[in-house]
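Here are the chains, one letter per residue:
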Amino acid sequence: MIPRPEYPRPQMVRERWLCLNGRWEFELDPADSGEERGILGRPLEAEILVPFAPEAPLSGVGLEDFVAALWYRRAVDLPGEWGDADIALHLQAVDYEATVWVDGVEVGRHGGGSTPASFVLPR
């Protein structure tokens, strides 16, 4: 079951979209050193239920203290009928910074307190 499967932005409904809510790989990174430690090249240690924040009990994490960085990872198969269409990734809320990688390639960064972010993905 996918939590919150409805389209998140009713004023911007599109015919073709993919809900990424559900189970994601997840890992705490208290020293914000994951990239240097090779975290991009190995499975993450835990799971989180998106769209819930790691502090929320519904996330399955229930984080109770500040952590400098958190890592999320999810494999996504795009529908074949999308062809060569441009693909945008919309994050509803980023708090405070996000760096997004697709297939090991950085596609963008965003900073801001609980603000949305969008990235056009490479094909």
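Residues numbered from 1 in each chain as written. Predicted model: local features only at pLDDT ≥ 70, side-chain atom pairs only at ≥ 80, totals over all residues. Heavy atoms only, no water.

Caption draft 1: Spatial organisation of the nonpolar core. In this structure, Trp82, Ile87, Leu89, Val94, Ala98, Val100, Ala117, Phe119 and Leu121 together form the largest nonpolar core, which totals nine residues. The set of elements that each furnish at least two residues to this core consists of strand E4 (87-94), strand E5 (97-102) and strand E7 (115-121). Setting aside chain neighbours within four positions, we find Val94 in contact with His110, Gly112, Gly113, Ser114, Thr115 and Ala117. (Core = buried A, V, L, I, M, F, W, Y, C linked by side-chain atoms within 4.5 Å. Buried < 20%, exposed > 50% of the residue type's maximum accessible area, 1.4 Å probe, protein only. Helix = DSSP H or I, 4+ residues; strand = E, 2+ residues; numbered from the N terminus. Contact = heavy atoms within 4.5 Å.)

Caption draft 2: Quick peek at the packing of aromatic side chains. Scanning the entire structure with this criterion turns up four aromatic pairs. Relative to Tyr72, the ring of Trp24 has its centre 6.4 Å away and its plane inclined at 80°; by these criteria the two rings are edge-to-face. Placement of the pair is Trp24 in strand E1 (residues 22-29) and Tyr72 in strand E3 (residues 69-73), with a sequence separation of 48 residues. According to the relative accessible area criterion, Trp24 is buried, its value standing at 17%. Where Trp71 meets Trp101, the ring centres are 5.4 Å apart and the plane angle is 15°; that geometry is what we call stacked. Placement of the pair is Trp71 in strand E3 and Trp101 in strand E5, with a sequence separation of 30 residues. Pairwise contacts between aromatic rings join Trp24, Phe26 and Tyr72 into one cluster. (Phe/Tyr/Trp six-rings, centres within 6.5 Å; stacked < 30°, edge-to-face > 60°.)

Caption draft 3: Structural detail: the pattern of salt bridges. Applying the stated rule across the entire model yields six salt bridges. Note that Glu6 is salt-bridged to Arg4, the shortest N-O span being 2.7 Å. (Salt bridge = Lys/Arg side-chain N within 4 Å of Asp/Glu carboxyl O.)

Caption draft 4: Highlighting a nonpolar patch on the surface. Residues Leu18, Val76 and Leu78 make up a contiguous nonpolar surface patch of about 210 Å² in total accessible area. When you line up the elements, Leu78 lands in the loop between E3 and E4. (Patch = residues over 30% accessible without salt bridge, like charges linked within 9 Å, V, L, I, M, F, W, Y side chains within 5 Å. Areas by Shrake-Rupley, 256 points an atom, 1.4 Å probe, with all protein chains shown as cover.)

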